[in-house]
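Coordinates in review
One-letter residues, chain by chain:
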Amino acid sequence: MLVESPTEQRAETAPAPPNRRAIRVAGLLVSVVILALVALASIAVGAKELTLEQVWHGLFHASGTFGDVVVADRLSRTVLGLLAGAALGLAGAVLQALTRNPLADPGLLGINAGASAAVVTAITFFGVTSLSGYVWFAFFGAAAVGALVWFLGGSRGATPVRLVLAGTAISAALFGYLQAIMILDEAALGRMRFWTVGSLASGSDEAIKQVVPFLLAGSLLALALARPLNAMAMGDDTAKALGADLNRTRALSMLAATVLCGAATAACGPIMFVGLMVPHVVRSFTGPDLRWILPYAAILSPVLLLGADVLGRIVARPAELQVGIVTAILGGPVFIFLVRRRRTAQL
């Protein structure tokens, strides 16, 4: 039997060299600067062109002019993009660690499908038409599906494969339910058409206030799970030897992903690929350590989401292309590239 020498063991558990840590910290600072610039572009760019002076006046000296109203509207939209982007990025990173699949995303476990099915139910059977009404249906739909996936996946004996299989099965069933409802009820189809593509246009102070508590709680929980998820990445036996509680970590990871993705989906609809692309790209230069992946994902995911939203306003001016469509157009080719690269690496 081969036994690692103490030198090899120390090398594996040693912290990152100071210069590498400094590079990562510098990368975070650069990412924050990029995020600030993209957020400013999100406020300044739209169907109505505004000068930097008008943007500044609308932010700090609002007096009710048309430009101030436009800035206020875009500011709420930008804040929603920041919150939803960070939530999707954190949820994607947690799910990829939980399932040990770097191509996993929040849709993999049926969370998006649960939120969508709940909104269709609210619109069709309860006559709910406002965001303040169906945001709660979307959130609890996502939470219910998350709990069901956890139960069908084996609860305390859940494994990554079982969770993925349960999520895929539930997603397929809910997709059939959605299609049946929208085919049978044309009015529901008309009301759902805008929401299902994913958009930040519904951003408002009311919507933000409703989802902020859930997003903050889910974010703190996800960040707190970095160390136990790192231990689980080395295998169940090694994680147990390091003192990690596997069942508790899996349950809390499912809870964090459900809260984050459910709240984000409730506020702006199902937006695909953000939770897939950003954590995967971040991992390529931070390594597998979730203590770095999670902060990077929380910062760079809003960059992608707001950038896609700004691009959608530019290409379709004076109208706009919903952000969910833009991320799908950008994410499709990237996903194919990532899958092909993984297959090539396995050959």
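The name given to the protein in an unreviewed UniProt entry is Iron ABC transporter permease, with Streptomyces pilosus as the source organism. One UniProt comment on the protein, placed under Subcellular location (unreviewed entry), says "Cell membrane". Heading Sequence similarities (unreviewed entry) of the UniProt record for the protein holds this comment: "Belongs to the binding-protein-dependent transport system permease family. FecCD subfamily."

Things to note about the overall build of the protein
Within the protein, the regular secondary structure consists of 15 helices and 0 strands. Across the protein, the fraction of contacts at a sequence separation of at least 24, relative to all contacts at a separation of at least 6, is 76%. For the protein, the exposed area adds up to about 16,800 Å²; of that, 68% sits on carbon and sulfur atoms.

Structural notes on the packing of aromatic side chains
Going through the model one piece at a time under the given rule, you end up with 6 aromatic pairs. A ring pair is formed by phenylalanine 126 and phenylalanine 137, whose centres lie 5.6 Å apart and whose planes are at 35°; its orientation type is tilted. Here phenylalanine 126, found in the loop between α5 (111-125) and α6 (131-152), pairs with phenylalanine 137, found in helix α6; they are 11 residues apart in sequence, far enough to count as distant. Since its relative accessible area comes to 57%, phenylalanine 126 is described here as exposed.

Notes on a nonpolar patch on the surface
Nonpolar side chains collect at one region of the surface, where Trp56, Leu59, Phe60 and Leu75 lie side by side and expose about 410 Å² of accessible area between them. When residues of the nonpolar patch are assigned to their parent elements, the largest contribution, 3 residues, is made by helix α3 (residues 52-60). Mapped onto the secondary structure, phenylalanine 60 falls in helix α3. On the basis of relative accessibility, which here comes to 51%, the residue phenylalanine 60 falls in the exposed class.

A word on helix α9 (residues 205-224)
Between its first and last C-alpha, α9 extends 28 Å over 20 residues, near the 28 Å set by a 1.5 Å rise per residue. Along α9, the sharpest change in direction is near 40° and occurs at valine 211; proline proline 213 comes one to four residues later. Taken together, the buried positions of α9 are occupied by Ala207, Ile208, Gln210, Val211, Leu215, Gly218, Ser219 and Ala222.

Details of the UniProt feature "transmembrane region" (unreviewed entry) in the protein
In the numbering used here, UniProt assigns the feature "transmembrane region" (unreviewed entry) to residues 25-47, 75-95, 107-128, 134-152, 164-184, 251-273, 293-312 and 319-339. From the first C-alpha to the last, residues 75-95 spans 30 Å; its make-up is 100% helix and 0% strand.

Focus on the state of the cysteines
Evaluation of the coordinates by the stated rule reveals 0 disulfides. For the unlinked cysteine cysteine 261, the closest cysteine sulfur is that of cysteine 268, found at 9.6 Å. By relative accessible area, cysteine 261 is classed as buried at 0%. According to the relative accessible area criterion, cysteine 268 is buried, its value standing at 2%.

Points about the environment of leucine 300
Structurally, the position occupied by leucine 300 is in helix α14 (residues 290-315). Sequence spacing of leucine 300 and valine 278 is 22 residues, and the spatial spacing of their C-alpha atoms is 6.8 Å. The residues touching leucine 300, leaving out its near neighbours within four places in the chain, are Ser31, Val278, Val282 and Phe285.

Focus on the pattern of salt bridges
Scanning all chains against the criterion turns up 6 salt bridges. With a closest N to O distance of 3.2 Å, arginine 250 and aspartate 236 form a salt bridge. Placement of arginine 250 in helix α12 (residues 246-268) and of aspartate 236 in helix α11 (residues 236-241) is noted, with a sequence separation of 14 residues between them. Taking the shortest distance from any N to any O, the salt bridge between arginine 313 and aspartate 309 comes out at 2.7 Å. On the criterion of helical spacing, the pair formed by arginine 313 and aspartate 309 is a turn pair, its members being 4 residues apart in helix α14. Accessibility classification places arginine 313 together with aspartate 309 in one group, the buried group. Salt bridges here are not isolated pairs; linked through shared partners, they connect Arg77, Asp309, Arg313 and Glu320.

Considerations on the environment of leucine 75
Within the fold, leucine 75 resides in helix α4 (residues 66-99). With relative accessibility at 35%, the residue leucine 75 sits in the partly exposed group. Through-space distance from the C-alpha of leucine 75 to that of serine 42 is 8.0 Å; in sequence the pair is 33 residues apart. With near-sequence residues (within four places) excluded, leucine 75 lies in contact with Ile43 and Leu59.

Structural notes on the confidence of the model for the protein
For the protein, per-residue confidence averages 82 on the pLDDT scale, and residues scoring 70 or more make up 85% of the total. At the level of individual helices and strands, the protein shows its lowest average pLDDT in helix α1 (residues 6-13), which scores 41, and its highest in α14, which scores 94. Across residues 1-14, confidence stays below pLDDT 50; counting only partners more than four residues off in sequence or on other chains, it has 2 contacts.

Here's the deal with the side chain of serine 42
Counting through the fold element by element, serine 42 comes out in helix α2 (residues 18-44). Of the polar contacts made by the side chain of serine 42, one reaches the side chain of threonine 78; its length is 2.8 Å. With sequence-adjacent residues up to four places away left out, serine 42 is seen in contact with Arg74, Thr78, Leu306, Val310 and Arg313.

Calculation notes
Residues numbered from 1 in each chain as written. Predicted model: local features only at pLDDT ≥ 70, side-chain atom pairs only at ≥ 80, totals over all residues. Heavy atoms only, no water. UniProt positions renumbered as here; feature names shortened; annotations may be inferred. Helix = DSSP H or I, 4+ residues; strand = E, 2+ residues; numbered from the N terminus. Contact = heavy atoms within 4.5 Å. Areas by Shrake-Rupley, 256 points an atom, 1.4 Å probe, with all protein chains shown as cover. Phe/Tyr/Trp six-rings, centres within 6.5 Å; stacked < 30°, edge-to-face > 60°. Buried < 20%, exposed > 50% of the residue type's maximum accessible area, 1.4 Å probe, protein only. Patch = residues over 30% accessible without salt bridge, like charges linked within 9 Å, V, L, I, M, F, W, Y side chains within 5 Å. Salt bridge = Lys/Arg side-chain N within 4 Å of Asp/Glu carboxyl O. Expected span 1.5 Å × (residues − 1). Bend = angle between axes of the 7 residues up to and from the residue. Disulfide = S-S within 2.5 Å. pLDDT = per-residue confidence, 0-100. Polar contact = N/O pair within 3.5 Å; in protein donor to acceptor, adjacent residues only side chain to side chain.

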